[in-house]
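# Working through the structure, step by step
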Amino acid sequence: MVLTGCNQCIKYMLFFFNFIFWLAGGVILGIALWLRHDTQTSNLLMLQFEGTQAPGTFYISVYVLIAVGAVMMFVGFLGCYGAIQESQCLLGTFFTCLVILFACEVAAGIWGFINRETISTELISFYDAAYMKAVDPVETPSKQAAAKVLGVFHDTVSIKGCGAPARVLMMLMVAVLCSQSCHMKLRDLFTEKLHVIGLAALIIAVIMVFEMIFTMVLCCAVRNAAPAY
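This is a predicted model, so every value here is computed, not measured.

### Quick look at the overall build of the protein
Within the protein, the regular secondary structure consists of seven helices and two strands. Starting at the N terminus and ending at the C terminus, the protein contains elements arranged as α-α-β-β-α-α-α-α-α. Every one of the 229 residues in the protein was classed for burial, and the buried ones make up 38%. In the protein, of all internal contacts separated by at least 6 residues, the share reaching a separation of at least 24 is 79%. Within the structure as shown, the protein displays about 12,400 Å² of accessible surface, and the carbon and sulfur contribution to it stands at 71%.

The following block contains the structure:
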């Protein structure tokens, strides 16, 4: 069966959007892998102190993004093939996949909005625990380990001159300023990363809405054009 006129135009528009969707999936997958292996975040989230691993809540959103990118590439290919073949079955399957993917994205967006402050807050608590041990006047192996953890934090967020103070009373003001500065930079770092994820999710959602509309129209056109027996 061959669609004609306006339906033919919709067919090629759907193919075009699906191709963009497939490319977007590749871009999203690339961004997610970059976020996963970005030295700034990985240096911090791989830290351990006194047997406790740095909070990895941020990686949950990254892993979701990796899964979404991979599924988008598969679904985009399915949509392109279904549009070219004018297959009502493939288009219906594609539409179902889009609805499920869209629902998962909305759920992930709600989770991300609710937990947007949790990521930086948990890491700041981890940092504060290390800092309290680092300013302990008693020299212990735990204090040395804490000083190394702080060094990674300060190097990652580019705070200079904030090593663990040797004399707490004399260096208390410096310690407080360094701590507050690190808190701010940690919040800014993860806010920036979350904005990248949010922008990617918004672009995906817009494309998916257009794709669902075109898929419904094309699927109806294929059904109406099918010969009656």
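### Quick look at the nonpolar core
Judged by nonpolar contacts, the single largest core of 54 residues is most densely connected at Phe-21, Phe-58 and Phe-153. It is helix α7 (residues 168–225) that contributes the most residues to this core, 14 residues altogether. What Phe-153 contacts, discounting residues up to four positions off in sequence, is Leu-44, Leu-47, Leu-123, Phe-126, Tyr-127, Cys-182 and Leu-186.

### Regarding the UniProt feature "transmembrane region" (unreviewed entry) in the protein
UniProt's entry tags residues 12–36, 56–78, 90–114 and 194–218 with the feature "transmembrane region" (unreviewed entry), counted in the numbering of this structure. The distance from the first to the last C-alpha atom of residues 12–36 is 36 Å, and the span holds 100% helix and 0% strand. Secondary structure within residues 194–218 divides into 100% helix and 0% strand; the distance between the first and last C-alpha atoms comes to 36 Å.

### Re the environment of Asn-18
Here Asn-18 is to be found in helix α1 (residues 5–37). Residue class for Asn-18 comes out buried when judged on its relative accessible area of 0%. For the pair Asn-18 and Cys-80, spaced 62 residues apart in sequence, the C-alpha to C-alpha distance is 5.5 Å. Among all residues touching Asn-18, those that are not within four sequence positions of it are Gly-76, Gly-79, Cys-80, Phe-94 and Glu-211.

### With respect to helix α4 (residues 88–114)
The terminal C-alpha atoms of α4, which comprises 27 residues, lie 39 Å apart, in line with the 39 Å expected from a rise of 1.5 Å per residue. Looking only at α4, the buried set comprises Leu-91, Phe-94, Leu-98, Leu-101 and Glu-105.

### A word on the packing of aromatic side chains
Taken as a whole, this structure holds five aromatic pairs when the rule is applied. Measuring from centroid to centroid gives 5.6 Å for Phe-17 and Phe-210, while their planes differ by 10 degrees, and the two rings are stacked. Highlighted residues: Phe-17 in helix α1 and Phe-210 in helix α7, separated in sequence by 193 residues. Of the residues examined, Phe-210 reaches a relative accessible area of 40% and is grouped as partly exposed. Taking 6.1 Å as the distance between ring centres and 20 degrees as the angle between the ring planes, the aromatic pair formed by Phe-19 and Trp-22 counts as stacked.

### A closer look at a nonpolar patch on the surface
A cluster of nonpolar side chains, namely Tyr-12, Phe-15, Phe-19, Trp-22, Leu-23, Phe-77, Tyr-81 and Ile-84, defines an oily patch on the protein surface of about 760 Å² accessible area. Only α1 and α3 (57–85) provide two or more residues apiece to the nonpolar patch. Element by element, the count of residues in the nonpolar patch is highest for α1, at five residues. Positionally, Phe-77 belongs in helix α3.

### Remarks on helix α5 (residues 118–134)
Since the α-helix advances by 3.6 residues per turn, residues separated by three or four positions end up pointing in the same direction. Taking 1.5 Å per residue, 17 residues should reach 24 Å; α5 reaches 24 Å between its end C-alpha atoms and fits that length. Within the span of α5, buried status applies to Ile-119, Ser-120, Leu-123, Ile-124, Phe-126, Tyr-127, Ala-130, Tyr-131 and Ala-134. Looking straight down α5, one finds its buried side chains confined to an arc of 160 degrees; they lie on one side.

### Here we look at the packing of α3 against α4
Relative orientation of the contacting elements α3 and α4 amounts to 165 degrees, with a least axis distance of 10 Å. Here α4 runs roughly antiparallel to α3, going by the angle between their axes. Between α3 and α4 lies a crossing whose hand is left-handed. Judged by residue contacts, Thr-57, Ile-60, Ser-61, Val-64, Val-71, Met-72, Val-75, Leu-78, Gly-79, Tyr-81, Gly-82 and Ala-83 of α3 engage Leu-90, Leu-91, Thr-93, Phe-94, Cys-97, Leu-98, Leu-101, Ala-108 and Trp-111 from α4. Here the residues of the contact of α3 with α4 sort into 16 nonpolar, five polar and no charged.

Conventions and cut-offs
- Residues numbered from 1 in each chain as written.
- Predicted model: local features only at pLDDT ≥ 70, side-chain atom pairs only at ≥ 80, totals over all residues.
- Heavy atoms only, no water.
- Helix = DSSP H or I, 4+ residues; strand = E, 2+ residues; numbered from the N terminus.
- Buried < 20%, exposed > 50% of the residue type's maximum accessible area, 1.4 Å probe, protein only.
- Contact = heavy atoms within 4.5 Å.
- Areas by Shrake-Rupley, 256 points an atom, 1.4 Å probe, with all protein chains shown as cover.
- Core = buried A, V, L, I, M, F, W, Y, C linked by side-chain atoms within 4.5 Å.
- UniProt positions renumbered as here; feature names shortened; annotations may be inferred.
- Expected span 1.5 Å × (residues − 1).
- Phe/Tyr/Trp six-rings, centres within 6.5 Å; stacked < 30°, edge-to-face > 60°.
- Patch = residues over 30% accessible without salt bridge, like charges linked within 9 Å, V, L, I, M, F, W, Y side chains within 5 Å.
- Salt bridge = Lys/Arg side-chain N within 4 Å of Asp/Glu carboxyl O.
- Arc of directions from axis to C-beta.
- Axes fitted to C-alpha atoms, helices over the stretch in contact; angles between N-to-C directions.
- Parallel < 35°, antiparallel > 145°, perpendicular 65-115°, else oblique.
- Left-handed = near helix turned anticlockwise from the far one by under 90°.
- Nonpolar A, V, L, I, M, F, W, Y, C, P; charged D, E, K, R; others polar.

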